[in-house]
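This is what each chain is made of:
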Amino acid sequence: MPDLPPKPVDGVSRRTVARATAAAGLAVLFGAASGTARAGAATRLGPRTLDVSVPSAALGRSAPVRLILPSDFGARPERTYPVLYLLHGAHDDYTSWTRETDIEAFTEGRDLIVAMPDAGPTGIPSVWRGGPDYETFQVKEVPALLARDYRASGVRAVAGVSTGGYGAMAHTARHPGAFGAAASYSGILDTTAPGVPAIMDAIVARENLPAASLWGHPLLNLLTWRDFNPRARATGLRGTALYVSQGSGAGGGSGGDPLPGLLESALWPSAQVFAGTLARLGIRATTHLYSGGGHDWPYWKREFTASWPMLAHALGVPE
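The rules behind the values
- Every chain is numbered independently, its residues counted from 1 as its sequence is written.
- With pLDDT at 70 or above as the cut-off, local features in this predicted model cover only qualifying residues; side-chain atom pairs require 80 or more to be listed or tallied, and sums for whole chains, interfaces and linings still use all residues.
- Hydrogens and water are ignored here; the side-chain numbers use all heavy atoms of the structure.
- Whenever Lys or Arg places a side-chain nitrogen within 4 Å of a carboxyl oxygen from Asp or Glu, that contact is recorded as a salt bridge.
- Under the scheme applied here, a residue whose accessible area is under 20% of the maximum for its type counts as buried, over 50% as exposed, and between as partly exposed, the area being computed with a 1.4 Å probe on protein chains only.
- Note on ring pairs: Phe, Tyr and Trp rings are taken, using the six-membered ring of Trp, and paired if centres are within 6.5 Å. Classes follow the plane angle, with under 30 degrees stacked, over 60 edge-to-face and the rest tilted.
- Elements are defined by DSSP. Helices are runs of H or I of four residues or more, strands are runs of E of two residues or more, and each kind is numbered from the N terminus.
- Whether a charge lies above a ring is judged from NZ of Lys or CZ of Arg, which has to be within 6 Å of the ring centre and within 35 degrees of the ring normal.

Draft legend 1. Seen up close, the pattern of salt bridges. By the definition in use, this model includes 16 salt bridges. Salt-bridge contacts for Asp-72 lead to Arg-76; the nearest nitrogen and oxygen are separated by 3.6 Å. Among the residues examined, Asp-72 registers a relative accessible area of 16% and is labelled buried. Residues joined by salt bridges that share partners form a network here, namely Asp-72, Arg-76, Glu-78, Arg-79 and Asp-111.

If you want it as structure tokens, here you go:
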């Protein structure tokens, strides 16, 4: 039988004691994690936040995952927790959600784990042609680690921005049942739509990688491109709670930079086709295809808030 948490002493609130107990539990956890090869090195960043280095056979190297643990994680060693996976976009990294949003404060007091796995410099979490397999890393290896070392339950939801939005829908479509909910904010949802292969190639080329290193040539290797296309695999989304948002980009963006609006407008037609495909297949989804907007965080933060009730319901946590 596990030890019960200490009772509050006079003049000390239950919340203070709970935080102290959780901090003590986290200190033990970090010490254990840093000494085991299974979880790799863990770096504590705050009372609930840590970076874990995950040895990955799929990637052929270790890769980082940022975790936000529940407030009572150290105080309740018998409890398991659902996991919200948050995926980053192109030319960014696993730190983006904590850098650009208040996700740490937002999840304070909610009984869930937030996991933010790396997707490489391009942010395209897929199976690369003869290269790293970020899909297996994110869908299988990281969940296995969390279940083994951080008491994660099998209840999961996933959300992502830009190429991370692609990952949220592609992972869910290619692995039906892996997630109870999936949300895409300005995601790349139809990779073979007119103009979209050029966008994918440009993302890859910006990191000084050969364009064909992702899925090969868009025409010569069309079957591969289709296999990793969320729209082409849309039947795998049936039964999953879905949220899809995309701006038209017209007159959008923020800070006077026209690029976010232009990129958003380039993805607008494919988002409409994706939403239409879901409707044609009778797959229920909440879609927010709005006028204006840009391919940047001010809009993505708003859309995450709008999608939160759906994600919370799938995770079984309070809104």
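Once you've had a look at it, read on.
Draft legend 2. Focus on the packing of aromatic side chains. With the rule as written, the count across this model stands at 13 aromatic pairs. Between Trp-97 and Trp-297 the ring centres are 5.1 Å apart and the planes differ by 90°, which places this aromatic pair in the edge-to-face class. In this pair, Trp-97 is assigned in helix H2 (residues 96-100) and Trp-297 in helix H9 (residues 297-315), connecting sequence segments 200 residues apart. Classification of Trp-97 by relative accessible area gives buried; the value is 2%. Judged by relative accessible area, which is 11%, Trp-297 ranks as buried. Centroid distance Trp-215 to Phe-228: 5.8 Å. Interplanar angle 0°. Geometry classified as stacked. Remark: Phe-228 occurs in the loop between helix H7 (222-227) and strand S8 (241-247) and Trp-215 occurs in the loop between helix H6 (196-206) and H7; sequence separation between them is 13 residues. Given a relative accessible area of 1%, Trp-215 falls into the buried group. The buried category is assigned to Phe-228, whose relative accessible area is 8%. Among the aromatic residues, ring-to-ring pairing joins Trp-97, Phe-106, Trp-297, Trp-300, Phe-304 and Trp-308 into one connected group. The ring centre of Phe-73 lies 4.1 Å from the NZ or CZ of Arg-151, which sits over that ring.

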